Amino acid sequence: MILVYNRDTKKYEEEKVAGKKYLAWCYESPVGKKVTKMIIKKKLPSKLYGSFCNTKLSRKKIPEFIDDFNIDMDLYAKDAGEFKNFNEFFARKLKSTSRPIPEDKNVLISPVDCRLLAYEDIDMNNIVQVKGFKYSLKELLRNDEIAKEYEGGTCLICRLCPTDYHRYHFIDSGVPGEITKIPGSYYSVNPIALDRIPKLFCQNKREWSLFKSDNFGDVIYVEVGATCVGTIIQSYTPFKHVNRGDEKGYFKFGGSTTILFFKKGIVKIDKDIVEQSLLGYETRVLFGEKIGTKRS
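A brief structural summary. Bear in mind that the values here come from a model prediction, so they are computed numbers and not experimental data. (Residues numbered from 1 in each chain as written. Predicted model: local features only at pLDDT ≥ 70, side-chain atom pairs only at ≥ 80, totals over all residues. Heavy atoms only, no water.)

## Comments concerning the environment of V242
Moving on, step 1. Counting through the fold element by element, V242 comes out in the loop between β13 (232–234) and β14 (247–251).
Moving on, step 2. Relative accessible area serves as the criterion here: at 7%, V242 is assigned to the buried category.
Moving on, step 3. Remark: the alpha-carbon pair of V242 and G174, spanning 68 residues in sequence, is separated by 5.6 Å.
Moving on, step 4. Ignoring sequence-local partners within four residues, the contact set of V242 consists of F170, D172, S173, G174, P176 and F211. (Helix = DSSP H or I, 4+ residues; strand = E, 2+ residues; numbered from the N terminus. Buried < 20%, exposed > 50% of the residue type's maximum accessible area, 1.4 Å probe, protein only. Contact = heavy atoms within 4.5 Å.)

Set out below in structure tokens:
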């Protein structure tokens with residue numbers, strides 16, 4: 001059972017996991033763990049399934065997916081019947097009015113709809129993945145020079161599950177840099193896998209970039225691929241100025257993760273999110289929602 005904290009009700013809710021039995025088999029059963037290590041974590045299975053999700057035949061999955069996970073299609077720019085394939089539906093765009101963004105530039109907003117873990121005053125050599133499993137920022141980025149600048153800073157781990165809106169955005173106005181791509185495996189980023197695969201984020205395929213924001217300094221964005229996420233699409237133009245809330249990119253099918261790093265003394269994350277993170281619980285947040293403030 002995966003429990004996620006609801007900020008509105010101040011209660012924990014059980015997450016409805018897509019493919020829960022499949023995930024449990026892959027990461028908990030002896031046979032499943034061997035198959036995952038030998039086959040499922042590799043690129044080909046995710047690529048093949050991604051290719052299927054680009055076909056017209058995959059459209060048949062859309063109505064059932066909407067019903068099973070109670071997706072409110074009134075929030076989105078297209079109706080369910082307008083999508084050409086499942087991947088197009090999966091990367092669906094919101095209506096411009098669906099996620100209002102605070103006007104105060106000192107407010108830190110969530111870049112995505114996600115389940116959020118936040119850690120302040122991080123040790124860059126011991127960043128928490130889940131309880132018991134840690135990794136270093138230099139392992140994640142494969143860049144020691146940039147990593148050492150974030151000692152004592154803040155880390156946001158934004159986990160998107162397959163039912164979420166899968167586009168990610170800029171948390172501020174500023175100038176985004178170019179992408180560094182790091183090849184890797186395709187483990188699931190669901191907590192079922194995170195609890196069992198050491199340094200999972202450092203093993204999976206990922207892309208990272210440096211965002212020179214106007215109000216929050218230099219922010220590292222890391223997009224992590226996962227099982228069935230054969231493609232991470234970066235839709236922004238490097239070195240072209242962007243506004244807060246502008247789209248940075250999107251994931252094709254599967255659960256995924258976006259990780260942000262801020263330098264020391266830049267942001268203060270909302271108390272409820274930090275408290276829940278220290279207890280080991282993710283907090284459900286939406287793109288554009290206030291999650292912290294700029295330190296004065």
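## Observations concerning helix α10 (residues 271–279)
Moving on, step 1. All buried positions along α10 are accounted for by I273, V274, Q276 and S277. Seen from one end, α10 has its buried residues packed into an arc of 165 degrees, which puts them on one side. Turned more than 90 degrees off the buried face of α10, the exposed positions are K271 and L278.
Moving on, step 2. Taken together, the buried residues of α10 touch β1 (3–6), β2 (11–14), β4 (114–119), β16 (267–269), β17 (282–285) and β18 (290–294).
Moving on, step 3. Taken from the residues just after α10, G280 is the one with a positive phi, measuring 95 degrees. (Arc of directions from axis to C-beta.)

## A short note on the pairing of β2
Each regular strand displays side chains that alternate between the two surfaces of the sheet.
Moving on, step 1. Of the pairings in the sheet, the one linking β1 to β2 comprises four bridges and is antiparallel in character. Paired with V4 across the two strands is E13, which belongs to β2.
Moving on, step 2. In this structure, the hairpin formed by β1 and β2 is closed by a connection of four residues, where K10 is found at a positive phi of approximately 60 degrees. (Pairing = 2+ DSSP bridges.)

## Points about the packing of aromatic side chains
Moving on, step 1. Scanning all chains against the criterion turns up 16 aromatic pairs.
Moving on, step 2. Between F170 and F211 the ring centres are 4.9 Å apart and the planes differ by 45 degrees, which places this aromatic pair in the tilted class. Of this pair, F170 sits in the loop between β8 (167–169) and β9 (174–176) while F211 sits in strand β11 (residues 206–213), placing them 41 residues apart in sequence. Exposure class is identical for F170 and F211. Each is buried.
Moving on, step 3. When the ring of F170 is compared with that of Y236, the centres are 5.7 Å apart and the planes differ by 90 degrees; the resulting orientation is edge-to-face. In this pair, F170 sits in the loop between β8 and β9 while Y236 sits in the loop between β13 and β14, placing the two residues 66 residues apart along the sequence.
Moving on, step 4. The buried category is assigned to Y236, whose relative accessible area is 9%.
Moving on, step 5. One aromatic cluster in this structure is built from F65, F69, F83, F86, F89 and F90.
Moving on, step 6. Positioned over the ring face of F89 is R92, at 4.4 Å from the centre of the ring.
Moving on, step 7. In this structure, K263 is placed above the aromatic ring of Y150, and the distance from its NZ or CZ to the ring centre is 5.7 Å. (Phe/Tyr/Trp six-rings, centres within 6.5 Å; stacked < 30°, edge-to-face > 60°. Lys NZ or Arg CZ within 6 Å of the ring centre and 35° of its normal.)

## Things to note about the environment of G153
Moving on, step 1. As for its placement among the helices and strands, G153 is situated in the loop between α7 (144–147) and β7 (154–160).
Moving on, step 2. Looking at G153, the relative accessible area reads 0%, which means it is buried.
Moving on, step 3. Between the C-alpha atom of G153 and that of E120, which follows or precedes it by 33 residues, the distance is 6.1 Å.
Moving on, step 4. Excluding anything up to four places from it in sequence, G153 contacts Y119, E120, D121, I122, F262, K263 and K264.

## Overview of a negative patch on the surface
Moving on, step 1. A surface patch of like charges, here negative, comprises D72, D74, D79 and E82.
Moving on, step 2. With respect to the element layout, D79 can be found in the loop between α4 (61–68) and α5 (86–90).
Moving on, step 3. The class of D79 is exposed, set by a relative accessible area of 52%. (Patch = residues over 30% accessible without salt bridge, like charges linked within 9 Å, V, L, I, M, F, W, Y side chains within 5 Å. Areas by Shrake-Rupley, 256 points an atom, 1.4 Å probe, with all protein chains shown as cover. Salt bridge = Lys/Arg side-chain N within 4 Å of Asp/Glu carboxyl O. Lys, Arg positive; Asp, Glu negative; His and termini not counted. Charge placed at Lys NZ, Arg CZ, Asp CG, Glu CD.)

## A look at the environment of I62
Moving on, step 1. Checked against the element boundaries, I62 lands in helix α4.
Moving on, step 2. Once the C-alpha coordinates of I62 and A80 are considered, the two residues, 18 residues apart in sequence, prove to be 7.2 Å apart.
Moving on, step 3. Sequence-distant contacts of I62, that is, excluding residues within four places in its chain, are made with A80, F83, N85, F86 and F89.

## Some details on unusual backbone geometry
Moving on, step 1. Look at N70: it is not a glycine, yet its phi comes out positive at around 50 degrees.
Moving on, step 2. Its identity as a non-glycine residue notwithstanding, D121 has a phi of 55 degrees, on the positive side.
Moving on, step 3. Examined against the element boundaries, D121 turns out to sit in the loop between β4 and β5 (127–130).

## Let's talk about the sheet that holds strand β3 (residues 107–109)
Moving on, step 1. The three strands lie next to each other as β3-β18-β16, forming an open sheet whose pairing is antiparallel. One side of each edge strand has no neighbouring strand; the edge strands of this open sheet are β3 and β16. Geometrically, the sheet is characterised by an average inter-axis angle of 35 degrees between neighbouring strands, direction not taken into account.
Moving on, step 2. Note that β3 and β18 share three bridges and pair antiparallel. Within β18, the position partnered with I109 by the bridge is K290. (Axes fitted to C-alpha atoms, helices over the stretch in contact; angles between N-to-C directions.)

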